[in-house]
Amino acid sequence: MIAASKLLTPAQLAIVRKRSDFRGLFLALHAWAVIFGMMALFIWMPNPITFIAAVVVIGGRQLGLAILMHDGAHGVLCENPKLNEFVSQWLCAYPMMAETWAYRRYHLTHHAHTQQPEDPDLILSAPFPITRKSFRRKIIRDLTGQTGYQQRKAQILNALGKPEWPLEKRLENYWKKLGRATVAQLVIFSILALSGHWYLYFALWLLPFLTWQQVITRIRNIAEHAMVPDNNDDFRNARTTMANWLARAVLAPYWVNYHVEHHLMIWVPCYNLPKARSFLIANGFGERMESKGSFGEVIAMATSKPDDQDKPGTIVHNSRKQRVSGVMSEGFKSVNDEAA
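Enquirer: I would appreciate a short explanation of the packing of helix α9 (residues 167-194) against helix α10 (residues 200-210) in the present structure.
Expert: To characterise two packed helices, one gives the angle between the axes of the helices and the distance between these axes. Look at α9 against α10: their axes get within 10 Å of each other, and the N-to-C directions meet at 135°. Our classification of the angle between α9 and α10 gives oblique. Judged by the sense of rotation from one axis to the other, the crossing of α9 with α10 is right-handed. In this structure, α9 contributes Gln 185, Ile 188, Phe 189 and Leu 192 to the contact, and α10 contributes Leu 200, Tyr 201, Phe 202 and Trp 205. Of the residues in the contact of α9 with α10, the class split is seven nonpolar, one polar and no charged.

What follows is the structure in structure tokens.
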């Protein structure tokens, strides 16, 4: 990893590394305000258009919660460590069926070995390019909830432990892995039930979580590392994808698209990444950084394999099997062991 002092001046470093309790907490509350606001919009004007809009926008903010958890895992969402852990865990991770500490353990390995054989996220970028037919099948699986269902099934079975364990041990293991996440789901359901709209937990929380959020998570993963120019160059083994206001609303929340900048300086909070990019460009690094103008451009490149080479049903790189059996907070691999 390149030393930050070789990228930015001391004054610039002081600006981009500054953390804020207010901004970190505000972003988490903003995500929840948008989520409940879209639910309220559907209650006020119940029709297919507002329902679809709510699914798309809420799914985008659910990804946003995962992004903010990611910042919490790096210890940069808030300045105060205790507030950082609380916001990351209870407002972001647990509602998304994740856990900040487990995610941190696996994610830092990704940063230490980006695009190398030891990278636990390599299976997400290795299969590309793929055919448009293959991409279409993946999106259909995501939109119909198949991917989300398989991931949650694997996560719950993993949390329950081995079938031969005594019930008490299995329940203890479940609590260690998913107990607090389950509490978070009960809290969300209770809030909606007390408002008189319990069905929204299933229609506008679980449905976006299992469908649209899966789609944009897949697209985000493709944009970040698929088909990068040089796996051994810190400026080119990750990608920044420019996003307009609509993409930021439903696909790339909270500056997640600034991925080269994040990899170059993992201690920069998400809300300072645009400033970090402007400093890097001003310092002459703009041409070296791998960047694309839009997510459409990235998808076109990632699906550039000719359709006549399409092989449906064949698991190449074993990535599909690992992806559906993976756990967001523990990496994309099966882990059926006792919680630490």
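Structure shown, so let's carry the discussion forward.
Enquirer: How should a nonpolar patch on the surface be read in this particular structure?
Expert: On the surface, Phe 86, Trp 90, Trp 175, Val 183, Val 187 and Ile 191 cluster together into a nonpolar patch covering about 540 Å² of accessible area. Here the element with the most residues in the nonpolar patch is α9; it accounts for four residues. By secondary structure assignment, the location of Val 183 is in helix α9. Val 183 gets classed as partly exposed once you look at its relative accessible area, which sits at 30%.

Enquirer: Looking at this model, I keep getting lost on the packing of aromatic side chains. Mind explaining?
Expert: Aromatic rings considered in pairs are described by the distance between their centres and by the relative angle of their planes. Applying the stated criterion to the full structure yields 13 aromatic pairs. In textbook terms, an aromatic cluster arises when at least three aromatic residues are bridged by ring pairs, as seen for Phe 189, Trp 198, Tyr 199, Tyr 201 and Phe 202. The ring of Tyr 254 has Arg 61 lying over it, and the distance from NZ or CZ to the ring centre is 4.8 Å. The ring of Trp 101 has Arg 104 lying over it, and the distance from NZ or CZ to the ring centre is 4.5 Å.

Enquirer: Before we go on, may I ask you to explain the confidence of the model for the protein in this structure?
Expert: A low pLDDT means the predicted coordinates there should not be read in detail. With 92% of its residues at a pLDDT of 70 or more, the protein shows a mean pLDDT of 92. Across residues 314-320, confidence stays below pLDDT 50; counting only partners more than four residues off in sequence or on other chains, it has eight contacts.

Enquirer: I would appreciate a short explanation of the pattern of salt bridges in the present structure.
Expert: Any two side chains of opposite charge can pair if their charged atoms end up close together. Scanning the entire structure with this criterion turns up nine salt bridges. Notably, a salt bridge pairs Glu 85 with Arg 104, separated by 3.0 Å at the nearest N-O pair. In this pair, Glu 85 sits in helix α4 (residues 81-93) while Arg 104 sits in helix α5 (residues 100-112), placing the two residues 19 residues apart along the sequence. The residue Asp 310 makes a salt bridge to Arg 137 at a minimum N-O spacing of 2.9 Å. With Asp 310 in the loop between α15 (295-302) and α16 (319-325) and Arg 137 in helix α7 (residues 132-143), this residue pair connects regions lying 173 residues apart in the sequence.

Enquirer: Looking at this structure, how should I read unusual backbone geometry?
Expert: Note: most residues except glycine have negative phi, and most peptide bonds are trans. Between Phe 128 and Pro 129 the backbone carries a cis peptide bond, its omega angle lying at 10°. Relative to the elements of secondary structure, Pro 129 occurs in the loop between α6 (122-125) and α7. One non-glycine residue with positive phi stands out, namely Met 97, at about 60°. Using a relative accessible area of 10% as the deciding quantity, one classes Met 97 as buried. Non-glycine residue Trp 255 carries a positive phi angle of around 60°. Looking at where Trp 255 falls in the secondary structure, it is placed in the loop between α12 (245-250) and α13 (259-264). With relative accessibility at 23%, the residue Trp 255 sits in the partly exposed group.

So, how was this worked out
Throughout this description, residue numbers start from 1 for each chain and increase along the sequence as written. The predicted origin of the model limits local features to residues at a pLDDT of at least 70 and limits the giving and counting of side-chain atom pairs to 80 or more, whereas totals for whole chains, interfaces and linings rest on all residues. Each side-chain value is worked out from all heavy atoms of the structure, with water and hydrogens disregarded. Axis lines are fitted through C-alpha atoms, for helices just across the contact stretch, and the angle between N-to-C directions can take any value from 0 to 180 degrees. Strands here mean DSSP runs of E at least two residues long; helices mean DSSP runs of H or I at least four residues long; both are numbered from the N terminus. Roughly parallel covers angles under 35 degrees, roughly antiparallel covers those over 145, roughly perpendicular covers 65 to 115, and oblique covers all other angles. Helix crossings get a hand from a simple test, with the near helix turned counterclockwise from the far one by less than a right angle marking a left-handed crossing and a clockwise turn marking a right-handed one. What makes two residues a contact is simply this: any of their non-hydrogen atoms within 4.5 Å. Each residue is assigned to one class: nonpolar for Ala, Val, Leu, Ile, Met, Phe, Trp, Tyr, Cys and Pro, charged for Asp, Glu, Lys and Arg, and polar for all the others, Gly among them. To count toward a patch, a residue needs a relative accessible area above 30% and no salt bridge. Like charges then connect within 9 Å, nonpolar side chains (Val, Leu, Ile, Met, Phe, Trp, Tyr) within 5 Å. Residue burial considers only the protein chains on display, and all accessible areas are found by Shrake-Rupley using a 1.4 Å probe. We count a salt bridge whenever a side-chain nitrogen from Lys or Arg sits within 4 Å of a carboxyl oxygen from Asp or Glu. Partly exposed residues are those whose accessible area sits between 20% and 50% of the maximum for their type, while under 20% is buried and over 50% is exposed, using a 1.4 Å probe and protein chains only. Any two of the Phe, Tyr and Trp rings considered here, Trp counted by its six-membered ring, make a pair once their centres fall within 6.5 Å; the pair's planes then place it as stacked at under 30 degrees, edge-to-face at over 60, or tilted in between. By definition here, charges over rings are those cases where NZ of Lys or CZ of Arg is within 6 Å of the ring centre and within 35 degrees of the ring normal. A residue's pLDDT is simply how confident the predictor is in it, with values from 0 to 100.

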